[in-house]
Amino acid sequence: MTQFPNISFPTSRPRRLRDKNFIRRLVRESSLSVEDLIAPIFLLPGKNKRMPVESMPGVDRLSIDLAKKHALHLHELGIPAIALFPVLPNELKTPDGSEAYNKKGLIQLAIEEIKSTVPDLGVISDVALDPYTTHGHDGVLDSSGAVINDETVQILVKQSISLAIAGVDVVAPSDMMDGRVGAIRKALDAKGYQNVKILAYSAKYASAFYGPFRDAIGSAGTLMKGDKRSYQMDPGNSDEALREAGLDIAEGADMIMVKPGMPYLDVLQRIKAEFSVPTFAYQVSGEYSMIQAAVERGWLDQKSAATESLLAFKRAGADGILTYFAPMIAESLKEK
Ligand code: PBG
């Protein structure tokens, strides 16, 4: 525990260190920089297509050609990495999500094109089946609607390999199946992809805050049967998050993600303190939409609310933040 010096008012006046901007800057413990940002991109098939996500004002789904331009812009802003999410037409969805490992699939093509245009921009891709399954779950279902773990892991391995072949820098399993990190690491290594990094969503909660994302990728309408609570974590737990992170690190995860973000800062702090590995937070769609909805009503100031929310992640120990505010914040950091 911190030892507090035994001094009291009026000798000690904490406000002395708050009265001028220079001193506030000098004593600030955490800061936000463009180096901390990961920008998500929603991808559409086709050309020259831009479709706003209604529940996420300011976020558009983009076809690959426009995504490439956007990626270049993000790179020029100094953002180190992007995270890609596909929006698939229903006819490409199947019960087993096999489109996930199509070598010419939307994500695979997007990775190839973006890496050839902006090679220095890190590309992160989700490993999970929900954008690809007719039922919207992250894995395959048995006849009772339960997600089958080990069979799903085999498909996730195929998905990871196809992303690696396309040139992805980081695979990010967000599916919450048991044992998937080890299986993916082993398969990547066997195929010569030792340098593809694994960002494991170790602590991914069954959260209500993913609603707008499911609108964005079109998995909300399909989520009828089954229950994500049978694989995503219970919001009441945090010891369990440490066990999950410990397993993923032991299986070969290079970095850990906590998701959602702001409601789970305690989990982020515990994981960072316990394991000292690069730990990231995902400020998810619902967190973004809450702020944007209030901004639209004139109830919050966008720049200061978004900046404060991201700084809070840094204070809690995050090494970086995946956030839909990334382009806006990068612009505002540049102005400063
Ligand atoms: C699923 C996935 C989800 C998000 C990203 N990947 C949520 C889900 O379980 O439906 C949500 C991200 C967000 O809300 O911004 N693999």
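If you're wondering where the values come from, they're calculated on a predicted model, not measured in any experiment.

Moving on: the overall build of the protein. Within the protein, the secondary structure is distributed over 11 helices and 10 strands. Taken against the 2.2 N^0.38 rule, which gives 20 Å for 336 residues, the C-alpha radius of gyration of the protein at 21 Å falls within 12% of a compact globule. Taking the principal axes of its C-alpha atoms as reference, the protein extends roughly 70 × 45 × 40 Å. On the protein, roughly 16,000 Å² of surface is accessible, and the fraction owed to carbon and sulfur atoms is 52%.

This brings us to the site of the ligand. Near the ligand there are 17 residues, and of these Arg214, Gln232, Lys259, Ser285 and Tyr324 occur at the shortest range. With respect to the ligand, the side chain of lysine 204 contributes an N or O atom lying 3.2 Å from an oxygen atom. Measuring from an oxygen atom of the ligand, one finds a side-chain N or O atom of serine 285 at 2.6 Å. Burial of the ligand by the surrounding chains reaches 100%, relative to a free accessible area of 410 Å². Classifying every residue of the shell around the ligand gives 7 nonpolar, 3 polar and 7 charged.

This brings us to a nonpolar patch on the surface. A surface patch of nonpolar side chains, about 410 Å² in accessible area, is lined by Leu17, Phe22, Leu26 and Val27. Counting through the fold element by element, leucine 26 comes out in helix H1 (residues 21-27).

Attention now goes to the nonpolar core. Within the largest apolar cluster, 108 residues are counted, with the highest numbers of intra-cluster contacts made by Phe42, Ile82, Leu84, Val171, Ile271 and Tyr282. When sequence neighbours within four positions are dropped, the list of residues in contact with valine 171 reads Ser125, Val127, Ser160, Leu163, Ile184, Leu188, Val196, Lys197, Ile198 and Leu199.

This paragraph deals with the pattern of salt bridges. Side-chain pairing between opposite charges can occur once the charged atoms of the two side chains come close. Summed over all chains, the structure comprises 12 salt bridges. With a shortest N-O distance of 3.0 Å, lysine 314 and aspartate 36 are connected by a salt bridge. Residue lysine 314 is located in helix H10 (residues 302-316), and its partner aspartate 36 is located in the loop between H1 and strand S1 (37-44); the two are separated by 278 residues in the primary sequence. Both residues of the pair, lysine 314 and aspartate 36, belong to the buried class. One salt bridge connects glutamate 113 with lysine 68, and the closest N-O pair in it is separated by 2.7 Å. With glutamate 113 in helix H3 (residues 106-117) and lysine 68 in helix H2 (residues 64-77), this pair connects stretches of sequence that are 45 residues apart. By relative accessible area, which is 33% here, glutamate 113 ends up partly exposed. Taking the relative accessible area as the measure of exposure, lysine 68 reaches 23% and is therefore partly exposed. Look at the salt bridges and you will find they share partners, linking Asp175, Arg180 and Asp248 into a network.

Residues of strand S6 (residues 170-173) alternate between two faces, with Val170 and Ala172 on one and Val171 and Pro173 on the opposite face, all of them buried. Relative to S6, strand S5 (residues 122-127) runs parallel, the two sharing 4 bridges. In the sheet register, isoleucine 124 faces S6, and the bridge partner there is valine 170. Between S5 and its parallel partner S6, the chain crosses via helix H4 (residues 149-166), and the hand of that crossover is right-handed. In the classification by handedness, the crossover that spans S6, the intervening helix H5 (residues 180-190) and the parallel strand S7 (residues 197-204) is right-handed.

Reading the values: rules and limits
- Positions within a chain are numbered from 1, following the residues in the order the chain's sequence is written.
- Restriction of local features to residues with pLDDT of at least 70 applies here, the model being predicted, together with a cutoff of 80 or more for giving and counting side-chain atom pairs; totals for whole chains, interfaces and linings are based on all residues.
- To get the side-chain values, take all heavy atoms of the structure and skip hydrogens and water.
- The secondary structure listing takes helices from DSSP runs of H or I that are at least 4 residues long and strands from runs of E that are at least 2 residues long, numbered from the N terminus.
- When we talk radius of gyration, it's over C-alpha atoms, and the globule rule is simply 2.2 Å times the number of residues to the 0.38.
- Using a 1.4 Å probe, accessible areas were evaluated by the Shrake-Rupley method; residue-level cover was limited to the displayed protein chains.
- Being near a molecule or strand, for a residue, comes down to having at least one heavy atom within 4 Å of it.
- Identification of polar contacts relies on pairs of N or O atoms within 3.5 Å, with a donor-acceptor requirement for protein atoms, meaning one able to donate a hydrogen and the other able to accept it, and with residues adjacent in sequence counted only if both atoms are side-chain atoms.
- Under the grouping applied here, Gly and all other residues not named as nonpolar or charged are polar, the nonpolar ones being Ala, Val, Leu, Ile, Met, Phe, Trp, Tyr, Cys and Pro and the charged ones Asp, Glu, Lys and Arg.
- A patch is a set of surface residues, each over 30% in relative accessible area and not in a salt bridge, joined within 9 Å for like charges and within 5 Å for the nonpolar side chains Val, Leu, Ile, Met, Phe, Trp and Tyr.
- A side-chain nitrogen of Lys or Arg and a carboxyl oxygen of Asp or Glu constitute a salt bridge if their distance falls within 4 Å.
- Definition used in this section: a nonpolar core is a set of buried Ala, Val, Leu, Ile, Met, Phe, Trp, Tyr and Cys residues joined via side-chain atoms within 4.5 Å.
- Only protein chains enter the accessibility calculation, which uses a 1.4 Å probe. A residue is then buried if its area is under 20% of the maximum for its type, exposed if over 50%, and partly exposed in between.
- Two residues form a contact once any of their heavy atoms are found within 4.5 Å.
- Only strands joined by at least two bridges in the DSSP assignment are considered to pair.
- With strands facing away from the observer, any crossover in which the path from the first strand over the helix to the second runs clockwise is taken as right-handed.

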